[in-house]
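Commentary on secondary and tertiary structure
So the chains spell out like this:
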Amino acid sequence: MFDRIRISPSILSSDFMNLEKEVASCEAAGADWLHVDVMDGHFVPNLTIGVPVEAQLKKIAHLPLDVHLMISNPLVQLPWFLECEPDVATIHWEALDATDPDSQAREAIRLMHEAGTRAGIALKPDTPVDCLRETIAQWDMVLVMSVFPGFSGQSYLPESADRVGEVARLAEEAGAAPLIQVDGGMNAQTVRFVAARGADVIVVGNGFFKAPDRAEAAKSIRAAAEAAQDVRGR
Ligand code: DX5
Ligand code: ZN
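Computed from a predicted structure; not experimentally measured. (Residues numbered from 1 in each chain as written. Chains lettered and ligands numbered in written order. Predicted model: local features only at pLDDT ≥ 70, side-chain atom pairs only at ≥ 80, totals over all residues. Heavy atoms only, no water.)

**Concerning the overall build of the protein chain**
Scanning the protein chain from terminus to terminus reveals 8 helices and 8 strands. Computed over C-alpha atoms, the radius of gyration of the protein chain comes to 16 Å, within 12% of the 17 Å expected from 2.2 N^0.38 for 234 residues, which places it in the range of a compact globule. With respect to the principal axes defined by its C-alpha atoms, the protein chain has extents near 45 × 45 × 30 Å. In the protein chain, buried positions account for 55% of the 234 residues. Restricting to contacts in the protein chain with at least 6 residues of sequence separation, those with at least 24 account for 69%. As displayed, the protein chain offers around 10,000 Å² of accessible surface, 51% of which is attributable to carbon and sulfur atoms. (Helix = DSSP H or I, 4+ residues; strand = E, 2+ residues; numbered from the N terminus. Rg over C-alpha atoms; globule rule 2.2 N^0.38 Å. Buried < 20%, exposed > 50% of the residue type's maximum accessible area, 1.4 Å probe, protein only. Contact = heavy atoms within 4.5 Å. Areas by Shrake-Rupley, 256 points an atom, 1.4 Å probe, with all protein chains shown as cover.)

This is the structure:
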């Protein structure tokens, strides 16, 4: 909790015809990670990026790859995505087999760690945070979705700040300190609410790629987040 702020631009909002230039612009703008939104047209209605594009990104990017897997049956395809050696891979809790999600979660964490990848778990806005009670200490990152996954450009859901606080509390109770990521509708205004409650990795799609000056956008989001952390005390 209250780790340094990391900005992770979501390339879903970038110009896919110029992906290499867009990645370079993230680096030039001072981003920390590169967020890759994988959607399978089943877990979410949208279809986006798959393994071949992730592999290309791995070749050209100097920033850590932060792969957000919005896919059904994540254990089946996870090994393919891990072959590209992302720095962080995040699966969705709701995509795990509801009869025994904890053991599926542990298996996913094992696969990720074996590949040298940090293990992330994402929660949709209406999934109770308490589902992580058994495994919270084993995740390296918890992603609190601040929109329903599927599309960029949606508005931030205000109840997300309380959910970040709940994750931080659950982690603290377990003696754990996973990174807390927030994804959806982030900008220099909305980031304040979640950073004040313990979010330290901020995904930004439209708020970064559609900004007139991307370096300025990254800078102002980081500054707003750090100021909000300071109010609570680090
Ligand atoms: C939504 C994706 C987000 C999205 C963020 O399902 O996971 O990463 O691209 O885009 P903005 O910041 O525009 O909401
Ligand atoms: Zn995402």
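**Some thoughts on the site of ligand 1**
Around ligand 1 sit 20 residues, and of these Asp 37, Gly 150, Gly 153, Asp 183 and Gly 205 come closest. At 2.7 Å, a side-chain N or O of Asp 183 approaches an oxygen atom of ligand 1. Protein coverage of the free-state accessible area of ligand 1, which is 380 Å², stands at 99%. Contributing elements (two or more residues each) for the shell around ligand 1: β2 (34-39), β3 (65-70) and β8 (201-204). Counting residues per element, the shell around ligand 1 draws most heavily on β2, at 3 residues. For the shell around ligand 1, the class distribution of residues is 8 nonpolar, 10 polar and 2 charged. (Near = heavy atom within 4 Å. Polar contact = N/O pair within 3.5 Å; in protein donor to acceptor, adjacent residues only side chain to side chain. Nonpolar A, V, L, I, M, F, W, Y, C, P; charged D, E, K, R; others polar.)

**Focus: the sheet that holds strand β4 (residues 88-92)**
Paired through backbone hydrogen bonds, the strands of a sheet run either parallel or antiparallel to each other. Taken together, 8 strands build an open sheet; the order of strands is β1-β8-β7-β6-β5-β4-β3-β2 and the sheet is parallel. Looking at strand neighbours, the two that pair on one side only are β1 (6-9) and β2, the edges of this open sheet. With strand direction ignored, the average angle separating the axes of adjacent strands in the sheet is 25 degrees. Bridge count between β2 and β3: 6 bridges; the pairing is parallel. Within the sheet, the bridge partner assigned to Val 36 lies in β3 and is Val 67. (Pairing = 2+ DSSP bridges. Axes fitted to C-alpha atoms, helices over the stretch in contact; angles between N-to-C directions.)

**Topic: the coordination of the zinc ion (ligand 2)**
Around the zinc ion (ligand 2), the protein contributes the donor atoms His 35 (NE2), Asp 37 (OD), His 68 (ND1) and Asp 183 (OD), at 2.1 to 2.3 Å from the metal centre. Its 6 donor atoms give the zinc ion (ligand 2) angles of 69 to 169 degrees at the centre, a pattern that matches the octahedral case. Counting the intervening residues between successive donors of the zinc ion (ligand 2) yields the motif H-x1-D-x30-H-x114-D. In this pair, His 35 is assigned in strand β2 and Asp 183 in strand β7 (residues 179-183), connecting sequence segments 148 residues apart. Exposure remark for His 35: the relative accessible area of 0% places this residue in the buried category. The buried category is assigned to Asp 183, whose relative accessible area is 9%. (Donors = N, O, S within 2.8 Å, 3.2 Å for Na, K, Ca; no water. Tetrahedral: all angles 85-135°; square planar, octahedral: opposite > 155°, others 65-115°.)

**Description of the packing of aromatic side chains**
Counted according to the given criterion, the structure contains 2 aromatic pairs. Pairing Phe 208 with Phe 209 gives two aromatic rings, centres 4.9 Å apart and planes at 85 degrees, and the pair type is edge-to-face. The buried category is assigned to Phe 208, whose relative accessible area is 1%. Cation over ring: Lys 124 sits above Phe 43, and NZ or CZ is 4.7 Å from the ring centre. (Phe/Tyr/Trp six-rings, centres within 6.5 Å; stacked < 30°, edge-to-face > 60°. Lys NZ or Arg CZ within 6 Å of the ring centre and 35° of its normal.)

**Description of the nonpolar core**
Residues Leu 78, Ile 91, Leu 132, Val 194 and Ile 202 are the most contacted members of the largest nonpolar core, which totals 66 residues. Residue contacts for Leu 78: discarding those within four places in its chain leaves Leu 69, Ala 89, Ile 91, Ala 108, Leu 111 and Met 112. Counting 6 residues, the second largest nonpolar core, distinct from the first, contains Met 39, Phe 43, Val 44 and Ala 95. (Core = buried A, V, L, I, M, F, W, Y, C linked by side-chain atoms within 4.5 Å.)

**A short note on the packing of helix α1 (residues 19-28) against helix α2 (residues 51-60)**
When two helices pack together, their arrangement is captured by the angle between the axes and the distance separating the axes. Their axes nearest at 11 Å, the elements α1 and α2 cross at an angle of 50 degrees. With respect to α2, the element α1 is oriented oblique. As α1 packs across α2, the resulting crossing turns out to be right-handed. Side by side, α1 and α2 meet where Leu 19, Glu 20, Val 23 and Glu 27 of the first sit next to Val 53, Leu 57 and Ile 60 of the second. Grouping the amino acids of the contact of α1 with α2 by side-chain chemistry returns 5 nonpolar, no polar and 2 charged. (Parallel < 35°, antiparallel > 145°, perpendicular 65-115°, else oblique. Left-handed = near helix turned anticlockwise from the far one by under 90°.)

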